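# Coordinate inspection notes
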Amino acid sequence: DYESIAGTMCHELAHCVRGPHDAHFYKAMNEIEEQYAIYLAKGVVVDKNGFPLGSNDAHVLGGSGLGGGGTASSSKTAAAK
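All values reported here derive from a predicted model rather than from experimental measurement.

Conventions used here
- Residues numbered from 1 in each chain as written.
- Predicted model: local features only at pLDDT ≥ 70, side-chain atom pairs only at ≥ 80, totals over all residues.
- Heavy atoms only, no water.
- Helix = DSSP H or I, 4+ residues; strand = E, 2+ residues; numbered from the N terminus.
- Buried < 20%, exposed > 50% of the residue type's maximum accessible area, 1.4 Å probe, protein only.
- Contact = heavy atoms within 4.5 Å.
- Areas by Shrake-Rupley, 256 points an atom, 1.4 Å probe, with all protein chains shown as cover.
- Salt bridge = Lys/Arg side-chain N within 4 Å of Asp/Glu carboxyl O.
- Expected span 1.5 Å × (residues − 1).
- Polar contact = N/O pair within 3.5 Å; in protein donor to acceptor, adjacent residues only side chain to side chain.
- Core = buried A, V, L, I, M, F, W, Y, C linked by side-chain atoms within 4.5 Å.
- Axes fitted to C-alpha atoms, helices over the stretch in contact; angles between N-to-C directions.
- Parallel < 35°, antiparallel > 145°, perpendicular 65-115°, else oblique.
- Left-handed = near helix turned anticlockwise from the far one by under 90°.

From N to C terminus, the protein chain includes three helices and zero strands. Here the protein chain, with 81 residues, has 14% of them falling under the buried criterion. A fraction of 17% describes how many contacts in the protein chain between residues 6 or more apart in sequence connect residues 24 or more apart. Accessible surface, the protein chain: about 6200 Å² in total, of which carbon and sulfur atoms supply 59%.

Take a look at the structure:
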């Protein structure tokens, strides 16, 4: 059902932040689930990439913002050298 799929997605998204199932992982998963619950309750509309439109509640994982030098950005820079 939909709730099972949404729960699995929250779980897998938390793995983008933390691999092992430890306290850090469950903290990240709880934050993602809370954010999802808020969006669901508010009926937040998302853009074609799944990002909330007109909301300052969104979080950026793995970086400090657009082009913010997250892991992927650092890896691309290192690979280019």
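From this point on, the discussion continues.
Opposite charge on two side chains allows them to pair when their charged atoms are near. What the rule picks out here adds up to two salt bridges. Ionic pairing is found between Asp-22 and Arg-18, a salt bridge with its closest N-O pair at 2.6 Å. Here Arg-18 falls in the partly exposed class, since its relative accessible area comes to 31%. Linking Glu-31 and Lys-27 is a salt bridge whose minimum nitrogen-to-oxygen distance equals 2.9 Å.

With that settled, consider helix H2 (residues 23–42). Because an α-helix packs 3.6 residues into every turn, residues spaced three or four apart end up facing the same way. Compared with the 28 Å implied by 1.5 Å per residue over 20 residues, the 29 Å span of H2 between its first and last C-alpha is a close match. Elements in contact with the buried residues of H2: helix H1 (2–15). The backbone nitrogen of His-24 has a side-chain oxygen 3.2 Å away, supplied by the residue at the start of H2, namely Asp-22.

So, about the nonpolar core. The biggest cluster of nonpolar side chains holds six residues, and these are Cys-10, Ala-14, Phe-25, Ala-28, Met-29 and Ile-32. Discounting residues that sit within four places of it in the chain, Phe-25 has contacts with His-11, Ala-14, His-15, Arg-18 and Pro-20.

So, about the packing of H1 against H2. Look at H1 against H2: their axes get within 8 Å of each other, and the N-to-C directions meet at 135°. The pairing of H1 with H2 is recorded here as oblique in orientation. Once H1 is placed against H2, the crossing between them reads as right-handed. For the pair H1 and H2, contact is made by Tyr-2, Glu-3, Ala-6, Cys-10, His-11, Leu-13, Ala-14 and His-15 and by Phe-25, Ala-28, Met-29, Ile-32, Glu-33, Tyr-36 and Leu-40, respectively.

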